[in-house]
Amino acid sequence: MPTPAQIDEQIALEREQVRQGLKELRNNTHKLEEKSYASASVYGVVSIDELLPLVVARIQDTHLRIRQGSAGVAFAEIIQFLKDLEPEAASVIALKVTFDKVFSVKQGQSTITNVAAAIGQAVENECMMRHYERNVPGLLNVLKENYFHRSIGTTQKVTVIKTLMKRYEVDYWKGWNQTNKVKLGGWLLDCIFEVSNYFMKTIRRQGRKTINEVSPTPEFLSVKDEIMAQAELFSPLAWPMLIEPNDWTPDGKHGGYILNEVMRGYDMVRRGNPSLIQGEQPVKFLNRIQKVAYTLNPFIVDVAKTLQERQIDVGKFIPIVEIPLPPKPVDIANNAESRKDYRRRAAEVCNINAQAFKKSCRTRMTMNAVERFKDVEKFFCPWSLDYRGRAYPIPAFLTPQDTDFGKSLLKFHNHASMTKEAEKWLSFQCATTYGRTKDTIDERLEWTLENLDLIKRIAEDAIGNLSEWEKADEPWTFLAACDEYYHCVIKRDRNYTNLPVAVDATASGLQILAGLARDESTAKLVNVFPSERPQDAYKVIADKAKPNVPVHLQPYMDRKTTKRTVMTVPYNAKPFSNRGYIREALAEKGIEVEKEDLTAVVKAVRGAMDIIFPGPMRVMKWIESEVAAAIDRGATEISWVTPSGFVVTQKLMKKFTKRIELQLLGRCQITVADGNTDQVDKNHHKNATAPNLIHSLDASLLHLSATRFDAPISLIHDSVLCRATDMDDLSKIIRKTYMHLFAEHDYLTDWAQQIGAESEPPIIDTLKPESVIYSTYFFC
């Protein structure tokens, strides 16, 4: 139990989280207003979302009156400029620009002329980009790929496209005159005025000048204050805790942080039904993993600080790299060419620095968290579950579910004495994180023995031997493994270990489906069935599909080409997404594939899966059919209880949305209010149920395993982490739990009864799930 002093310290930390969260929210809002980007603020996003359907309806009404011949003379002048832009796109642009200009802190931005001109200019920019998309799509795509990521903001992107299109002498865009742009922008601004009470025209005197401005109404200022007040309630930062988090209760109350101000934004079950009472086992599991104490790995912290100072990136560790501006030429004041050249070179440096700053964001925030907790002896992670039962840490940093770099910063606080078993698993961790994931365990242990000199060099001088470890598959966790193995096994100046060692499920979706269908052929390929070496289902599918793909693509049909498709099919990935995965895999090999050939490859791969994975493919089709039947019978949601007692509720209603692509402002999803939004989304249920069932069962497997394991444990969905000393015990518990789920119980039949299925589930019944007890590579 924590002492009163420790509780006070934790409360002080949480109050700091509240203060820092408020400060960050307010600073971010102010920065957005300084950059004339208020549309991206909390109040901007919420308000635009509310106004969009109203503005869209207003523009659609005008289009209707045009068809009826009663739109009016004023609109006749500007209709030509909106003919290529749907009402949704025009509304997005107009609202975004209005919020950006009206709430900008820059002088003069909110005059009616400026706002109208800016809206008109933004509409023209979008129409220009669509013009090039229609006429020179290939060239536009090349220019976007090569220049957009190096540009700061939409204005520079437009300038780049205009300049380069003119250089290539294509069907050049003929710009609109300023008068027409102001008229168009003014009309769209009027639409916003008419459908809301959020903006008004105000008159300001400046000397002898009368200035007409767009100003927020008192009504909107009240709404804005309310939105920000609500945002502030949920603004506290989420940090690790200095004491064990409060226990959750089955009704989802009281867990996590001490202060209500911090916990207000966090439920025990994310996106779940708050009225549900969860089973005892999932709650016990959640409270169990919350009691695991962590500490920072000083070796990794020191290496990271050195690389940060030297501005060297490794893997997901990306520090800020600041390139100085070029020196100004001596004749910049009176030489136009020199001035133009300097501005171009300075702009390139600013672009590079801006992109580097964005990329370094997560690393900077992680290092800030390291600085805050560097002197803390131990800390804890509060956890919660998603609506399928999967566990997620509440903090964003210093958690086991971070990036490779973030994970490497953590060690368990509680040590365990070194044993022969621990030596084996530390050796395993070195080889696995280096990239030897397809080797047998003996081959991995042999690799470590053959590379003792490498491990020693890295552990003794990580910076001097950077090139030796940065090429590993997981460079930072490999670095942490080298340090632990060196001190615990080679040098032996440390007789304990507390490094998290990870083992992963092999294609966990297929493992679950193999158990549900009791399909031995699938079980063998995903290491449920014992074998002498780890099986490679991706390669088997590639080999099976190869004869049925175009001859010129057969040499490229390997595990990398099929991996993402095989991984995602159990989660109901359809042929369209399979096409993208296979196209990307072939592109990495330098192969551009034609549409017809790609169709043939996808068909061959999915056909191979029907043959190689008969049980899983039939189960997924059966689930789709039964869920559709349940919805047809009048069900408004699909729910089930997992073997661990977690209650899953899948409630998916239709949302009437229209997705549009804006060339400069990106992808926008517009939700239009409609009286029919209470309709059940049958197709979504059909597509989502099999993946959600699989996720709920792999979560259930870990719920039951973790509560039976009496040592520090952490997890990353279908991966478990513990100390090297304890890995043999944890592996046995996971295998026994899988056996319990699928050998002692016929869960698919139980699930069928829960949803009221009309037909028997397609259980092949060739697998004895108890065979998993002897599988070395079930989790490996």
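Above this text is the structure in question.
The sections below set out a description of the structure shown in this document.

Reading the values: rules and limits
For every chain, the first residue of its written sequence is number 1, and the numbers climb from 1 along that sequence. With pLDDT at 70 or above as the cut-off, local features in this predicted model cover only qualifying residues; side-chain atom pairs require 80 or more to be listed or tallied, and sums for whole chains, interfaces and linings still use all residues. Processing note: side-chain calculations cover all non-hydrogen atoms of the structure and skip hydrogens and water entirely. By the criteria applied, helices consist of DSSP H or I runs no shorter than four residues and strands consist of E runs no shorter than two, each listed in order from the N terminus. This radius of gyration counts C-alpha atoms alone. The globule rule is 2.2 Å times how many residues there are, raised to the power 0.38. A 1.4 Å probe rolled over the protein chains alone gives each residue an accessible area, and that area as a share of the maximum for its type sets the label: buried under 20%, exposed over 50%, partly exposed in between. By construction, the arc corresponds to the directions joining the helix axis to the C-beta atoms. Working rule for contacts: check all heavy atoms of both residues, and any pair within 4.5 Å makes them a contact. When DSSP finds at least two bridges between two strands, those strands are taken to pair. For this document, the term salt bridge refers to a Lys or Arg side-chain nitrogen within 4 Å of an Asp or Glu carboxyl oxygen. Helix axes are fitted to C-alpha atoms over the stretch in contact, other axes to C-alpha atoms as well, and angles between N-to-C directions run from 0 to 180 degrees. Note on terminology: angles under 35 degrees are roughly parallel, angles over 145 are roughly antiparallel, angles of 65 to 115 are roughly perpendicular, and the others are oblique. Under the grouping applied here, Gly and all other residues not named as nonpolar or charged are polar, the nonpolar ones being Ala, Val, Leu, Ile, Met, Phe, Trp, Tyr, Cys and Pro and the charged ones Asp, Glu, Lys and Arg. Counting rule for disulfides: a pair of cysteine sulfur atoms within 2.5 Å. Note on patches: the residues involved have over 30% relative accessible area and no salt bridge, like charges join within 9 Å, and the nonpolar side chains Val, Leu, Ile, Met, Phe, Trp and Tyr join within 5 Å. Throughout, the Shrake-Rupley method with a 1.4 Å probe supplies accessible areas, and for residues the shown protein chains are the sole cover considered. Only buried residues count toward a nonpolar core, which is a set of Ala, Val, Leu, Ile, Met, Phe, Trp, Tyr and Cys residues joined through side-chain atoms within 4.5 Å. For this analysis, a ring pair means two rings from Phe, Tyr or Trp (six-membered ring only for Trp) whose centres lie within 6.5 Å, classed as stacked if their planes differ by under 30 degrees, edge-to-face if by over 60, and tilted for the remaining angles. One less than the residue count of a helix, multiplied by 1.5 Å, gives the span that helix is expected to have.

### Comments concerning the overall build of the protein
- The helix and strand inventory of the protein stands at 31 helices and 17 strands.
- Over its C-alpha trace the protein gives a radius of gyration of 30 Å, about what one expects of a compact globule, namely 28 Å for 780 residues.
- The principal-axis extents of the C-alpha atoms in the protein amount to approximately 90 × 65 × 65 Å.
- In the protein, which comprises 780 residues, the share counted as buried stands at 52%.

### Describing helix α31 (residues 747-755)
- Among the residues of α31, Tyr-747, Leu-748, Trp-751, Ala-752 and Ile-755 are the ones counted as buried. Projected down its long axis, α31 carries its buried residues within an arc of 145°, all on one side.
- Turning to α31, the residues buried within the fold contact α22 (508-517), α28 (614-632), β12 (638-641), α29 (682-707) and α30 (727-742).
- In the segment just after α31, Gly-756 is the residue with positive phi, at about 70°.

### Things to note about the pairing of β12
- What you see with β12 is a clean split: Ile-638 and Trp-640 sit on the buried side and Ser-639 and Val-641 on the side with no burial.
- Alignment of β12 against strand β13 (residues 647-650), held across four bridges, turns out to be antiparallel. What sits directly across from Ser-639, in β13, is Thr-649.
- In textbook terms, the turn of a hairpin is the stretch between consecutive antiparallel strands, and for β12 and β13 this stretch comprises five residues, one of which, Gly-645, has a positive phi near 95°.

### With respect to the pattern of salt bridges
- Counting across every chain of the model gives 38 salt bridges.
- Ionic pairing is found between Arg-58 and Glu-194, a salt bridge with its closest N-O pair at 2.6 Å. Of this pair, Arg-58 sits in helix α2 (residues 42-67) while Glu-194 sits in helix α9 (residues 178-195), placing them 136 residues apart in sequence.
- Residue classification places Arg-58 among the buried residues on the basis of a relative accessible area of 16%.
- A network of salt bridges, in which partner residues are shared, links Lys-411, Asp-483, Glu-484 and Arg-494.

### Here's the deal with the packing of helix α27 (residues 595-612) against α28
- It is at 5 Å that the axes of α27 and α28 come closest, and there the two elements cross at 105°. Between α27 and α28, the angle falls in the class roughly perpendicular. In contact with Met-609, Asp-610, Ile-611 and Ile-612 of α27, α28 contributes Pro-614, Met-617 and Lys-621.
- Class assignment of the residues belonging to the contact of α27 with α28 gives a composition of five nonpolar, no polar and two charged.

### Let's talk about the sheet that holds strand β8 (residues 410-412)
- Read from one edge to the other, the open sheet built from three strands follows the order β5-β4-β8, with strand pairing classed as antiparallel. At either margin of the open sheet sits one strand with a lone partner, and together these are β5 (379-380) and β8.
- The pairing of strand β4 (residues 293-296) with β8 spans three bridges and is classified as antiparallel. Within β8, the position partnered with Thr-295 by the bridge is Lys-411.

### Here's the deal with the state of the cysteines
- Here the structure, examined in full by the defined rule, presents zero disulfides.
- The thiol of Cys-381 is not disulfide-bonded; the next cysteine sulfur, from Cys-722, is found 17 Å away.

### Quick look at the sheet that holds strand β11 (residues 501-504)
- With respect to topology, three strands assemble into an open sheet ordered β11-β17-β16, the strand pairing being antiparallel. Of all the strands in the sheet, just β11 and β16 (713-715) have a single pairing partner and so form its edges. Neighbour-to-neighbour, the strand axes of this sheet turn through a mean angle of 25°, independent of strand direction.
- In terms of strand pairing, β16 meets strand β17 (residues 719-722) through three bridges, oriented antiparallel. Within β17, the position partnered with Ile-713 by the bridge is Cys-722.

### A word on a nonpolar patch on the surface
- On the surface, a cluster of nonpolar side chains totalling about 210 Å² of accessible area is made up of Val-321, Ile-323 and Ile-352.
- Here Ile-323 is to be found in the loop between α13 (298-310) and α14 (336-359).

### Re the nonpolar core
- Of all hydrophobic cores here, the largest spans 161 residues; its most connected members are Trp-469, Trp-476 and Phe-613.
- With 10 residues, helix α21 (residues 475-490) is the largest single contributor of residues to this core.
- Ignoring anything within four residues of it in the chain, the contact list for Trp-476 reads Ile-300, Val-303, Ala-304, Leu-307, Val-314, Phe-317, Asp-404, Phe-405, Ser-408 and Trp-469.
- Leu-52, Val-55, Ile-119 and Met-128 belong to the second-largest nonpolar core, a separate cluster that totals 53 residues.

### Details of the packing of aromatic side chains
- For the coordinates displayed, the defined rule picks out 25 aromatic pairs.
- Considering the side-chain rings of Tyr-43 and Phe-103, the 5.2 Å spacing of their centres and the 70° angle between planes classify their relative orientation as edge-to-face. One end of the pair, Tyr-43, is in helix α2; the other, Phe-103, is in the loop between α5 (87-102) and α6 (112-135), and 60 residues separate them in sequence. As far as burial versus exposure is concerned, Tyr-43 and Phe-103 are alike and both buried.
- Taken together, a centroid distance of 4.8 Å and an interplanar angle of 50° make the contact between Tyr-198 and Phe-220 tilted. Of this pair, Tyr-198 sits in the loop between α9 and β1 (199-206) while Phe-220 sits in helix α10 (residues 218-233), and the two are 22 residues apart along the sequence. Take Tyr-198 and Phe-220: they sit in the same class, and that class is buried.
- Connected via pairs of aromatic rings, a cluster forms that spans Tyr-43, Phe-99, Phe-103, Tyr-198, Phe-199 and Phe-220.

### What to know about helix α1 (residues 4-34)
- With 31 residues, α1 should reach 45 Å at 1.5 Å per residue; the first-to-last C-alpha distance of 45 Å fits that figure.
- Inspection of α1 places Gln-10, Leu-13, Glu-14, Gln-17, Val-18, Gly-21, Leu-25, Thr-29, Leu-32 and Glu-33 among the buried residues, and these make up the whole buried set.
- Looking one or two places after α1, you find Ser-36, whose phi comes out positive at around 55°.

### Focus on the environment of Gly-44
- Checked against the element boundaries, Gly-44 lands in helix α2.
- For the pair formed by Gly-44 and Lys-96, sequence separation is 52 residues and the distance between their alpha carbons is 8.2 Å.
- If we skip the residues at most four places from it in the chain, Gly-44 touches Ala-38, Ser-39 and Phe-99.

### Regarding the environment of Thr-399
- Checked against the element boundaries, Thr-399 lands in the loop between β7 (391-393) and α16 (404-408).
- In this structure Thr-399 comes out as buried when scored by relative accessible area, which is 3%.
- The sequence separation of Thr-399 and Cys-381 amounts to 18 residues, and the corresponding C-alpha distance is 7.0 Å.
- Ignoring any residue separated from it by four or fewer positions in sequence, one finds Thr-399 in contact with Cys-381, Pro-393, Gly-406, Lys-407 and Leu-410.

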